[in-house]
Amino acid sequence: MTTRGRPRKSAIDEDLLAAAADLIAARGFAALTVDDLVRRAGTSKPAFYRRFRGLADLVPRILATRHGLDSDIDTGSLRGDLEEVQRRQVALFTDPVVASALVGWAAHVQRRPEQARPFVESYLAPRRAFTHVILAQAVARGEILAGSDPDTIADLLTGPLLMRIVLPGMPPVDNRLAAQTVSAALALLGAHADQ
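What you see is a predicted model, and the numbers here were worked out from it, not measured in a lab.

Enquirer: Help me understand a nonpolar patch on the surface in this model?
Expert: A grouping of Val103, Leu162, Met163, Val166, Leu167 and Met170 is seen on the molecular surface, where their side chains present a nonpolar patch of about 450 Å² in accessible area. For Met163, a relative accessible area of 39% corresponds to the partly exposed category.

Enquirer: I'm lost on the nonpolar core in this one. Help?
Expert: Generally speaking, nonpolar side chains in soluble globular proteins are found buried as a group. One finds Leu37, Phe48 and Leu58 to be the most contacted residues of the largest nonpolar core, which totals 39 residues. Looking at which element gives the most residues to this core, the answer is helix α1 (residues 10-27), with eight residues. Once you skip the residues sitting within four places of it in the chain, Leu37 turns out to touch Leu16, Ala19, Ala20, Leu23, Leu32, Phe48, Leu55 and Leu58. Grouped together as the second largest cluster of nonpolar side chains are 16 residues, Leu82, Ala138, Val182 and Ala185 included.

Enquirer: Looking at this structure, I do not really get the pattern of salt bridges. What am I missing?
Expert: Between side chains of opposite charge, pairing is possible as soon as their charged atoms come close. In this structure the tally under the stated criterion is 19 salt bridges. For Asp22, the salt bridge is made with Arg40, and the minimal N-O distance between the two is 3.8 Å. On the criterion of sequence distance, the pair formed by Asp22 in helix α1 and Arg40 in helix α2 (residues 34-41) is long-range, its members being 18 residues apart. For Arg40, a relative accessible area of 46% translates into the label partly exposed. Its salt-bridge partner being Asp70, residue Arg88 comes within 3.4 Å of it at the nearest N-O pair.

Enquirer: Honestly, the packing of aromatic side chains in this entry has me stumped. Any pointers?
Expert: For any pair of aromatic rings, geometry is given as the distance between the ring centres together with the angle between the planes. Taken as a whole, this structure holds four aromatic pairs when the rule is applied. Taken together, the ring pairs connect Phe48, Tyr49 and Phe52 into an aromatic cluster.

Enquirer: Help me understand the packing of helix α5 (residues 78-93) against helix α7 (residues 117-140) in this model?
Expert: Any two packed helices are characterised by how steeply their axes cross, that is the angle between the axes, and by the distance between the axes. Between α5 and α7, the least distance of the axes is 9 Å, while the angle of their chain directions is 160 degrees. Classed by the angle they form, the pair α5 and α7 counts as roughly antiparallel. The handedness of the crossing between α5 and α7 is left-handed. Across the interface between the two elements, Leu78, Asp81, Leu82, Val85, Gln89 and Leu92 from α5 touch Tyr123, Arg127, Ile134, Leu135, Gln137 and Ala138 from α7. When the residues that make up the contact of α5 with α7 are grouped by side-chain class, the tally is eight nonpolar, two polar and two charged.

Enquirer: I would appreciate a short explanation of unusual backbone geometry in the present structure.
Expert: A positive phi angle is found at Asp70, which is not glycine, with a value near 70 degrees. Tracing the backbone through its elements, the reader meets Asp70 in the loop between α4 (58-67) and α5. Of the residues examined, Asp70 reaches a relative accessible area of 6% and is grouped as buried.

What counts and what doesn't
Residues numbered from 1 in each chain as written. Predicted model: local features only at pLDDT ≥ 70, side-chain atom pairs only at ≥ 80, totals over all residues. Heavy atoms only, no water. Patch = residues over 30% accessible without salt bridge, like charges linked within 9 Å, V, L, I, M, F, W, Y side chains within 5 Å. Areas by Shrake-Rupley, 256 points an atom, 1.4 Å probe, with all protein chains shown as cover. Salt bridge = Lys/Arg side-chain N within 4 Å of Asp/Glu carboxyl O. Buried < 20%, exposed > 50% of the residue type's maximum accessible area, 1.4 Å probe, protein only. Core = buried A, V, L, I, M, F, W, Y, C linked by side-chain atoms within 4.5 Å. Helix = DSSP H or I, 4+ residues; strand = E, 2+ residues; numbered from the N terminus. Contact = heavy atoms within 4.5 Å. Phe/Tyr/Trp six-rings, centres within 6.5 Å; stacked < 30°, edge-to-face > 60°. Axes fitted to C-alpha atoms, helices over the stretch in contact; angles between N-to-C directions. Parallel < 35°, antiparallel > 145°, perpendicular 65-115°, else oblique. Left-handed = near helix turned anticlockwise from the far one by under 90°. Nonpolar A, V, L, I, M, F, W, Y, C, P; charged D, E, K, R; others polar.

What follows is the structure, encoded as structure tokens:
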């Protein structure tokens, strides 16, 4: 069987993602261009466009590569699971690439909402869906009652951290803030203090 075109090299994917992360950390997402990116990665525009529809597609891939999707969390307790989610979110939101990318990327997709779809579908939705799994496990263990809203819990855990990196003049994201969000989530879920 004959295939059309050149075979895709996964090393080029990795080179493009690494180059994008470097450029975003140095200049921010708003200053990122395809020309600079392919030059840094040592590849070509056609190679880039065979892999990505545009620059906005890079962000979910960078996030997933650097920070995963959290679908492996199961510490055996609701508190432990939420603490692990927040430990990972602190790492995510204190990552210089994420901090440099987020505001520029958000402004970019605000003007072109269709370009946010890869982020929502391949990164955000799976992470938010896993909150449903964590809460279902807690119900099965008898830690909380059924009927909690997993989306509200996901918002409660992420919102304060996101606010701190987006709004100028806010204190940095830290473990203390993460612990406060876990406590607030547990209270909202009606979990016992010792869990």
